[in-house]
Amino acid sequence: METQLLKYVYDIAAYGSINQAAQINYISPSHLSRQLKKLEDEVNIVIFERSSRGMQLTKQGHEFMRHVQSILTSVQSFEERYQYGFKPANIFSFRIALHHNSMANQAIVELINEQMDNCNFMDVIVDSFNSAEETINAMRSQHYPLGVIQYSSMNATHMAGLLRSAQLRQSVVSVTSPHVLLSSQHPLASRSELTEVDLEGYARIYFINEDLSNFMDFTALNANNFQEVRKRILIVERGQLFHYLRSMRAYYIGTHICGNCLVYDGLVDIPLRVGDDATILTAAVYAPGARKDPNILRYIKLLREVAERR
């Protein structure tokens with residue numbers, strides 16, 4: 001069994017796609033498909049199920065992946081020890097699944113900037129999802145060791161159950177009030193605080209939860225649906241959000257803008273006053289044992305520091 005075949009399987013599981021895994025390995029998707037079939041025949045199991053959601057690990061595939069990760073970790077340690085004689089190769093490897101969050105992205109920027117001049121090789125995977133549920137599912141199915149989610153305090157019990165079911169732990173790094181994100185040219189942009197009544201008549205933008213079987217359902221911090229929304233715009237891509245907010249009298253409910261990212265130019269965020277003391281929690285989510293990784297520990301520390309600077 002060739003180590004390279006195991007690396008291919010690892011990348012397919014990480015990306016959930018043969019096309020993307022083939023691209024990062026500089027081979028054709030057809031060649032990668034043949035290599036996967038060769039490996040499945042060799043070990044006599046079906047590793048992946050092909051579905052509309054991409055390549056999903058089977059039950060046997062999950063078990064196989066645990067062994068693959070162990071083997072690849074050992075191979076990496078061996079290469080780091082001997083690739084440059086007795087001088088370690090110093091590889092920075094980091095994988096994370098994100099529920100769209102400006103704090104999480106700012107912490108990634110700061111972590112990478114710290115490591116940029118200190119490593120010979122860098123392997124970073126940042127995957128983004130439209131809901132906390134999607135992020136948790138990706139961590140479970142694609143073996144991400146670390147994730148960042150955000151959810152309403154009104155949804156905390158449900159979220160805790162999902163994390164227990166996925167055998168994941170969380171560390172809450174921020175608790176904040178909901179904020180309304182809108183254009184600096186919006187009629188409400190000069191207000192210091194907004195209520196749900198103020199937002200009546202304007203369209204609310206939501207991210208579609210792609211895990212839902214019914215696309216007429218939608219989520220945007222789930223339980224933070226503070227009003228009966230009569231005008232809505234459902235989107236999938238993050239880039240759509242910023243373009244639409246700048247171009248129309250619409251709004252999005254999320255957390256406070258973090259950092260000086262250019263995508264927020266021309267936008268403002270205003271606190272939203274709601275009943276029941278609803279808050280939005282941002283949490284680092286990690287697999288058991290993941291906090292032994294110094295890069296994960298450092299990232300969580302940076303995430304807390306970013307949250308405190310807001």
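Relevant structure appears above.
Basis of the calculations
- Residues numbered from 1 in each chain as written.
- Predicted model: local features only at pLDDT ≥ 70, side-chain atom pairs only at ≥ 80, totals over all residues.
- Heavy atoms only, no water.
- Pairing = 2+ DSSP bridges.
- Helix = DSSP H or I, 4+ residues; strand = E, 2+ residues; numbered from the N terminus.
- Core = buried A, V, L, I, M, F, W, Y, C linked by side-chain atoms within 4.5 Å.
- Buried < 20%, exposed > 50% of the residue type's maximum accessible area, 1.4 Å probe, protein only.
- Contact = heavy atoms within 4.5 Å.
- Expected span 1.5 Å × (residues − 1).
- Axes fitted to C-alpha atoms, helices over the stretch in contact; angles between N-to-C directions.
- Parallel < 35°, antiparallel > 145°, perpendicular 65-115°, else oblique.
- Left-handed = near helix turned anticlockwise from the far one by under 90°.
- Nonpolar A, V, L, I, M, F, W, Y, C, P; charged D, E, K, R; others polar.
- Salt bridge = Lys/Arg side-chain N within 4 Å of Asp/Glu carboxyl O.

## Considerations on the sheet that holds strand β7 (residues 179-183)
If you walk across this open sheet you meet the six strands as β8-β12-β7-β11-β9-β10, and the pairing is mixed. Each end of this open sheet is capped by a strand with a single partner; those strands are β8 (194-195) and β10 (232-235). Where strand β9 (residues 203-207) and β10 come together, four bridges link them in parallel fashion. Its bridge partner lying in β10, Arg-204 is registered against Arg-232.

## Describing the nonpolar core
One finds Phe-94, Ile-96, Leu-98, Leu-146, Val-148, Tyr-299 and Leu-303 to be the most contacted residues of the largest nonpolar core, which totals 24 residues. Counting only elements with at least two residues in this core, the list comes to β3 (91-99), α5 (102-115), β5 (146-152), β13 (280-286) and α10 (294-309). If one sorts the elements of this core by residue count, α10 sits on top with seven residues. Contact partners of Val-148, with chain neighbours within four places excluded, come to Ile-96, Ala-97, Leu-98, His-99, Ala-104, Thr-135, Thr-282, Ala-283, Tyr-299 and Leu-303. Of all hydrophobic cores here, the second largest spans 22 residues; its members include Val-9, Ala-21, Phe-48 and Phe-64.

## Brief notes about α5
For α5, spanning 14 residues, the distance from its first C-alpha to its last is 20 Å, which sits close to the expected 20 Å at 1.5 Å a residue. Here α5 has its buried residues at Ser-102, Met-103, Ala-104, Ala-107, Ile-108, Glu-110, Leu-111, Ile-112 and Gln-115. Lining the buried residues of α5 we find β3, β4 (121-129), β5, β6 (169-176), β13 and α10.

## Some remarks on the packing of helix α1 (residues 3-15) against helix α3 (residues 29-43)
When two helices pack together, their arrangement is captured by the angle between the axes and the distance separating the axes. Contact geometry for α1 and α3: axes closest at 10 Å, N-to-C directions at 110°. Classified by the angle between their axes, α1 and α3 sit roughly perpendicular to one another. Remark: the crossing between α1 and α3 carries left-handed chirality. Contacts between α1 and α3 involve Leu-5, Leu-6, Tyr-8, Val-9 and Ile-12 from the first element and Leu-32, Gln-35, Leu-36, Lys-38, Leu-39 and Glu-42 from the second. Residue classes in the contact of α1 with α3 are distributed as eight nonpolar, one polar and two charged.

## Here's the deal with helix α6 (residues 132-142)
Counted residue by residue, α6 has nine buried out of 11 residues, so it is predominantly covered. Regarding α6, the residues found buried are Ala-132, Glu-133, Glu-134, Thr-135, Ile-136, Ala-138, Met-139, Ser-141 and Gln-142. One or two residues past the end of α6 sits His-143, with phi positive at roughly 60°.

## A closer look at the pattern of salt bridges
It is possible for side chains bearing opposite charge to pair when their charged atoms get close. Going through the model one piece at a time under the given rule, you end up with seven salt bridges. A salt bridge links Lys-37 to Asp-41; the nearest nitrogen and oxygen atoms lie 2.9 Å apart. Separated by four residues within a single helix, Lys-37 and Asp-41 lie in helix α3, roughly one turn from each other. Relative accessible area serves as the criterion here: at 45%, Lys-37 is assigned to the partly exposed category. In this structure, Arg-298 engages Glu-114 in a salt bridge whose closest nitrogen and oxygen atoms are separated by 2.4 Å. Of the two residues, Arg-298 sits in helix α10 while Glu-114 sits in helix α5, which places them 184 residues apart along the sequence.

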